[in-house]
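One-letter residues, chain by chain:
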Amino acid sequence: MRSIVAMSTAVLFVAAVGAVTMLDDARWSAPTFLFWLVVIAASLCVVATAVLAALAHRLDQLELGVVAAFFFAASVLPLVHGLTVPGVLYGDNMATMTSVCLAIPVGALAAGFVAHGTGRWRLRLGSTMVLVAVLGATLLIAPDTRMFPDPGSGLGVAYALAAFSLTIGFAGRHVRLAEIAERPDPLVVAIGYLLVGASALVFLGASTWSTYFWIAHAVDISGVFLATIGAIVIYRRHGNVFSVLAPVAVVEPRQAFEVGLSPVVHRFVADLEAKDQITRDHVIRTGALAIDVACELELSAADVRRCGLAGLLHDVGKLEIPDAVLQKPDRLTDDEFAVMRRHAELGGDLMAATPVLADLAPAVRGHHERIDGRGYPDALLAEEIPLVARVVAVCDSYDAMAFTRHYRMGMDHDRVRSILSEHAGAQWDPLVVDALLRVVERRSDRETWALDEVGREIDEHAAIGCGCVPEFVLA
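So, how was this worked out
- Residues numbered from 1 in each chain as written.
- Predicted model: local features only at pLDDT ≥ 70, side-chain atom pairs only at ≥ 80, totals over all residues.
- Heavy atoms only, no water.
- Helix = DSSP H or I, 4+ residues; strand = E, 2+ residues; numbered from the N terminus.
- Buried < 20%, exposed > 50% of the residue type's maximum accessible area, 1.4 Å probe, protein only.
- Contact = heavy atoms within 4.5 Å.
- Areas by Shrake-Rupley, 256 points an atom, 1.4 Å probe, with all protein chains shown as cover.
- Expected span 1.5 Å × (residues − 1).
- Axes fitted to C-alpha atoms, helices over the stretch in contact; angles between N-to-C directions.
- Parallel < 35°, antiparallel > 145°, perpendicular 65-115°, else oblique.
- Left-handed = near helix turned anticlockwise from the far one by under 90°.
- Nonpolar A, V, L, I, M, F, W, Y, C, P; charged D, E, K, R; others polar.
- Arc of directions from axis to C-beta.
- Polar contact = N/O pair within 3.5 Å; in protein donor to acceptor, adjacent residues only side chain to side chain.
- Salt bridge = Lys/Arg side-chain N within 4 Å of Asp/Glu carboxyl O.
- Core = buried A, V, L, I, M, F, W, Y, C linked by side-chain atoms within 4.5 Å.
- Phe/Tyr/Trp six-rings, centres within 6.5 Å; stacked < 30°, edge-to-face > 60°.

Draft legend 1. Main features of the overall build of the protein chain. Each helix and strand counted, the protein chain has 22 helices and 0 strands in total. Taken over 475 residues, the protein chain has a buried fraction of 52%. The long-range share in the protein chain, meaning contacts at least 24 apart out of those at least 6 apart in sequence, stands at 75%. If you sum the accessible surface of the protein chain, you get close to 20500 Å²; carbon and sulfur atoms cover 60% of it.

Put into structure tokens, the structure is as follows:
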């Protein structure tokens, strides 16, 4: 998937550069047509991004808000570009090009500002949209404001390459999310970013009214439409906002992971919830934390996904543990602990018996192994323990200590940090411990976790139909 997008990006860039040089002679001067084309298209894009922002606010979806912030700027400033086309409402002016030049960098700043808003992201989104609107109005009032390089100049080429590279960065994140989700939906936004970025290549030297001048406008409009109006059309057709927009607007690994979960994973988590609520909440938090830690370790998208899945399913073997042992409010006896220890082995067997999850069997079986070889069930040593199992082991232990269990209250963060640090290198992989502690330190509220809807809305027929749920799980 990544190689296909990389090739598409290269083809788009080469085609754009070629078009700038080869399609720069033919000219069609049509200011009135350009005025109406851009004003109508950009106005529709402004409305669409405003709707996306409203949906983000109503659904409490930061991820949706970030996308809305970027494309709102990439709609309002092009609208200014259209309104100031010389020869219609305005004479010769600088705002026409200034607005185009500012669209991508302002959109990137807006998206970054909203993305780092945590609990106050709604306020940041609203204020960002107001500031972008004020900037647009300012350019309309003071149309002689110049903030753009001459196309074809050294500065113009540098701007074009920088703007296109910036959108490649945004698109690359969505490609990674598509890989984590194992579905192509996030690529819609990635393509939208790339198209908007390609329009900036007009600063490589395309002349006004040249063929590539018109192509750049079409490409920019197409990019914004793809990521905004297209999403709204799908929403209106299907009527389910989150299920449709989440894979289109997702910018966060845990959400991408959740969007791509198969029915069998939801079924396993639902069965855990029916068995024991505390265990279910524990695996949800562990899965979310494992994704964050895997990202902190800069693991591949495939391993990020495996860490999330193994975190969600590491305790699935407890479905086979008697309730009297699993839910006992006191410390377990030696015999009871021997029964409890079997959940790692049983969970590995469950994964091995489930075709779509079979590659997780070693990680689920090994999440209680120790670096010093004193773990169970196989007494693996250091690198013998699968990397995913080492990640889940640390996340599992952190959550088990930090949150209340059947047999004791949760510990405070300083105490948990001390224990993890003390036993790093013996019980746990020290690199994973360090990564987890960095992740946890950045959390403003450790009670805030993703993935909470996993297992809450399962399609039992889909799970059974895929032929991937063992009969004893469905019994």
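Draft legend 2. Representation of helix 14 (residues 301-313). Here helix 14 contains 13 residues, and its C-alpha end-to-end distance of 18 Å stays within 8% of the 18 Å for a straight helix at 1.5 Å per residue. The buried fraction of helix 14 amounts to 10 of the 13 residues, a majority that puts the element mostly inside the structure. All of the buried residues along helix 14 are Ala-301, Val-304, Arg-305, Cys-307, Gly-308, Leu-309, Ala-310, Gly-311, Leu-312 and Leu-313.

Draft legend 3. The packing of helix 18 (residues 387-402) against helix 20 (residues 430-442), seen in detail. Where helix 18 contacts helix 20, the axes come no closer than 9 Å and their chain directions differ by 50 degrees. Considered as vectors, helix 18 and helix 20 are oriented oblique to each other. Helix 18 and helix 20 meet at a crossing whose hand is right-handed. Across the interface between the two elements, Arg-390, Val-391, Val-394, Cys-395 and Tyr-398 of helix 18 pack against Val-432, Val-433, Leu-436 and Val-440 of helix 20. Each residue belonging to the contact of helix 18 with helix 20 can be placed in one class, and the counts come to 8 nonpolar, no polar and 1 charged.

Draft legend 4. Spatial organisation of the side chain of Thr-279. Among the secondary structure elements, Thr-279 is positioned in helix 13 (residues 277-296). Not counting residues within four places of it along the chain, the set of residues in contact with Thr-279 comprises Leu-272, Asp-315, Lys-318 and Leu-326.

Draft legend 5. Just helix 19 (residues 413-423), in detail. Within the span of helix 19, buried status applies to Val-416, Ile-419 and Leu-420. Each buried residue of helix 19 sits inside an arc of 95 degrees when the element is viewed along its axis, so together they form one side. Turned more than 90 degrees from where helix 19 packs its buried face, Asp-414 and Glu-422 sit exposed. Contact partners of the buried residues in helix 19: helix 18 and helix 20. Between a side-chain oxygen at the N-terminus of helix 19 and the backbone nitrogen of Asp-414 the separation is 3.1 Å; the capping residue is Asp-412. Within two residues after helix 19, Gly-425 carries a phi angle of roughly 95 degrees, on the positive side.

Draft legend 6. Summary view of unusual backbone geometry. Following Tyr-376, the chain continues into Pro-377 via a peptide bond in cis, with omega recorded as 10 degrees. Considering the arrangement of structural elements, one finds Pro-377 in the loop between helix 17 (361-365) and helix 18. For Glu-298, which is not glycine, the phi torsion reads 60 degrees and is therefore positive. If you trace the backbone, Glu-298 turns up in the loop between helix 13 and helix 14.

Draft legend 7. Local environment of the pattern of salt bridges. All chains considered together, the criterion is met by 16 salt bridges. Ionic pairing is found between Arg-280 and Glu-273, a salt bridge with its closest N-O pair at 4.0 Å. Residue class for Arg-280 comes out buried when judged on its relative accessible area of 0%. Where Lys-328 meets Glu-336, a salt bridge forms, and the shortest distance between an N and an O atom there is 2.7 Å. Each member of the pair Lys-328 and Glu-336 is classed as buried. When salt bridges that share partners are traced, they join Glu-273, Arg-280 and Asp-281 into one network.

Draft legend 8. Layout of the packing of helix 13 against helix 14. Packing of helix 13 against helix 14 brings their axes to within 7 Å, and their N-to-C directions diverge by 160 degrees. Between helix 13 and helix 14, the crossing angle belongs to the class labelled roughly antiparallel. In the crossing of helix 13 with helix 14, the sense of the turn from one axis to the other is right-handed. Two secondary-structure elements touch here, helix 13 through Val-283, Ile-284, Thr-286, Gly-287, Ala-290, Ile-291, Ala-294 and Cys-295 and helix 14 through Val-304, Cys-307, Gly-308, Gly-311 and Leu-312. Taken together, the residues of the contact of helix 13 with helix 14 sort by class into 9 nonpolar, 4 polar and no charged.

Draft legend 9. Focus on the nonpolar core. In this structure, Leu-34, Phe-71, Leu-125 and Phe-203 are the most contacted members of the largest nonpolar core, which totals 71 residues. Of all elements in the fold, only helix 2 (31-59), helix 3 (62-83), helix 4 (95-115), helix 5 (121-141), helix 6 (154-181), helix 7 (187-199) and helix 8 (211-227) reach the threshold of two or more residues within this core. No other element matches helix 3, which puts 14 residues into this core. When neighbours within four sequence positions are excluded, Leu-125 is seen to be in contact with Ala-53, Gly-65, Ala-69 and Val-114.

Draft legend 10. Fine view of the packing of aromatic side chains. In the structure shown here, the tally under the stated rule is 11 aromatic pairs. Residues Phe-70 and Tyr-193 carry aromatic rings whose centres are separated by 4.7 Å and whose planes lie at 70 degrees to one another, so their mutual orientation is edge-to-face. In this pair, Phe-70 sits in helix 3 while Tyr-193 sits in helix 7, placing the two residues 123 residues apart along the sequence. Each member of the pair Phe-70 and Tyr-193 is classed as buried.

Draft legend 11. Representation of the environment of Val-196 in the model. You can see Val-196 is positioned in helix 7. For the pair Val-196 and Ala-216, spaced 20 residues apart in sequence, the C-alpha separation works out to 8.7 Å. Residues contacting Val-196, with those up to four places away along its chain left out, are Phe-71, Ile-104, Asp-220, Gly-223 and Val-224.

Draft legend 12. Local environment of the environment of Ile-371. Structurally, Ile-371 is set in the loop between helix 17 and helix 18. By relative accessible area, which is 14% here, Ile-371 ends up buried. Residues Ile-371 and Ala-426, 55 residues apart in the sequence, show an inter-C-alpha distance of 5.3 Å. In this view, Ile-371 contacts Leu-381, Ala-382, Ile-385, Arg-390, Gly-425, Ala-426, Gln-427, Trp-428 and Asp-429; residues no more than four positions away in its chain are not counted.

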